Amino acid sequence: MDDWVAAADEHHVISVAELHGAGLCPHQIANLVARGELTNLSRGWYAATSPDSLQHRHTLTTWAMLRAHEGRAIAAHHSALLLLELPTYRPDLDRVRLVRRTPGSPRTRPGLSVGRTVPAEAQDAHTVTPALAVVQHGLSSGSLSALVAADGALRQGKTTAQDLDTALGWVQQHPRSALIRGFLDLADGRRESPGETRLAHILHLMKVSATPQFRISEPGFEALVDFLIDDEKVVLEFDGKVKYARTADEPDPFGNRRTPQEVLWHEKRREDRLRELGYEVVRVTWSELNDPRALAQRIAAAIRRARGRRLVRQSA
């Protein structure tokens, strides 16, 4: 490995000045970029790694922009959420969002926005607080984006409902703050993924009440389902493939360790058993969330079938 790699920081970010200091000329830097050993993040900034996703590239670029501002700015909006390893929804990954630590005019250039300062209590070491990042994400990407981020932050214990309320107070002059407040009133840390958050929002629009992460216990059988519709034997499962991607070293909610193949087999047996117990099981994919009307019809049909069976049993 070439010595220049040692000049990169703990986030694998390195400046062109540091590369020059390590003895590399512009031609050598260009060759490293061509070979994939360096990634050009922004003018004068590189990563000594190859990003594995758009989110990863954005995170690297955010660290670079923080270094470029030499402590005068912190990450905000979706840029802060990604540094905090919190979920985002529809972020503008082509633009890093920072805010100033001290008063100053906002500044925008291609790929970067630096906003006005935020209250001192809303500033952490490298980012705004998780709560403010959630609210800002809603302002820049939409109210549903704020709800997705809020669920993740609550689930990971990085914010509280009181923190979110305080952060809303900091942006109360923004015309969309009231709309975001309505969405954040729906936040629930029991939901485990952005897909589950979106599904819960569709249920809310349907005026259907459901309990997330509901544990069904029957003699000799136990299952943790994504949602159980209240007062109905209807289970909703968001099929985001996360559970299928779990490695053999990662336990399920009951402490069992299974290979992906075993997980798939177990999920089928589990679903069969739920149906034997009289539950309707509706599996929902990410693409189906993009057609909420059709999904609402599927859920409503499952509720009707469950109620029909209940009436049959009651009249027997």
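Quick note: structure is the one above.
Computed from a predicted structure; not experimentally measured.

Reading guide: rules and limits
Residues numbered from 1 in each chain as written. Predicted model: local features only at pLDDT ≥ 70, side-chain atom pairs only at ≥ 80, totals over all residues. Heavy atoms only, no water. Pairing = 2+ DSSP bridges. Helix = DSSP H or I, 4+ residues; strand = E, 2+ residues; numbered from the N terminus. Axes fitted to C-alpha atoms, helices over the stretch in contact; angles between N-to-C directions. Contact = heavy atoms within 4.5 Å. 1 Å grid on protein atoms, 1.4 Å probe; cavity = no way out; pocket = protein on both sides within 12 Å on 5 of 7 lines; lining within 4 Å. Points joined across faces, edges and corners; volume = space filled by probe spheres on them. Nonpolar A, V, L, I, M, F, W, Y, C, P; charged D, E, K, R; others polar. Salt bridge = Lys/Arg side-chain N within 4 Å of Asp/Glu carboxyl O. Phe/Tyr/Trp six-rings, centres within 6.5 Å; stacked < 30°, edge-to-face > 60°. Buried < 20%, exposed > 50% of the residue type's maximum accessible area, 1.4 Å probe, protein only. Lys NZ or Arg CZ within 6 Å of the ring centre and 35° of its normal.

Visitor: What's the story with the sheet that holds strand S1 (residues 13-15) in this structure? I'm lost.
Guide: What holds strands together in a sheet is hydrogen bonding between their backbones, with the strands either parallel or antiparallel. Spatially, S1-S3-S2 is the arrangement adopted by the 3 strands of the open sheet, whose pairing is antiparallel. The open sheet terminates on both sides in strands that have one partner only, identified here as S1 and strand S2 (39-42). Geometrically, the sheet is characterised by an average inter-axis angle of 35 degrees between neighbouring strands, direction not taken into account. The strands touched by helix H3 (residues 54-68) within the sheet are S1, S2 and strand S3 (45-47), with S2 carrying the most contacts at an inclination of about 55 degrees.

Visitor: In this structure, what is going on with the layout of surface pockets? I would like to understand it.
Guide: Gaps left between atoms are located by rolling a probe of water-molecule size over the structure's atoms. Considered as a void within the structure, the second largest pocket measures approximately 400 Å³ in volume. Forming the boundary of the second largest pocket are 20 residues, of which His77, Arg97, Gly115, Arg116 and Gln136 lie nearest the centre. At the level of secondary structure, the elements contributing two or more residues to the lining of the second largest pocket comprise strand S5 (96-100), strand S6 (107-109), strand S7 (112-115) and helix H5 (130-141). Across the lining of the second largest pocket, the residue classes tally to 10 nonpolar, 7 polar and 3 charged.

Visitor: Even after reading the chapter, I still don't get the pattern of salt bridges, so can you show me in this structure?
Guide: Pairs can form between side chains of opposite charge once their charged atoms are near each other. The full count for this structure, using the stated rule, is 18 salt bridges. Residue glutamate 37 is joined to arginine 35 by a salt bridge in which the shortest nitrogen-to-oxygen separation is 2.8 Å. Salt bridges linked by common partners bring Asp9, Glu18 and Arg67 together as one network.

Visitor: I'm lost on the packing of aromatic side chains in this one. Help?
Guide: Following the criterion strictly, the structure yields 2 aromatic pairs and no others. Their ring planes at 65 degrees and their centres at 6.4 Å tell us that tyrosine 89 and tryptophan 286 sit as a pair that is edge-to-face. Of this pair, tyrosine 89 sits in the loop between helix H4 (77-83) and S5 while tryptophan 286 sits in helix H12 (residues 286-289), and the two are 197 residues apart along the sequence. With relative accessibility at 7%, the residue tyrosine 89 sits in the buried group. The exposure class assigned to tryptophan 286 is partly exposed, which follows from its relative accessible area of 38%. Cluster of aromatic residues (ring-pair linked, three or more members): Tyr89, Phe238 and Trp286. Taking the ring centre of tryptophan 286 as reference, the NZ or CZ of arginine 198 above it sits at 4.9 Å. If you follow arginine 273 out to its NZ or CZ, it ends over the ring of phenylalanine 221, 6.0 Å from the centre.

On their own, these measurements won't tell you what the molecule is for.
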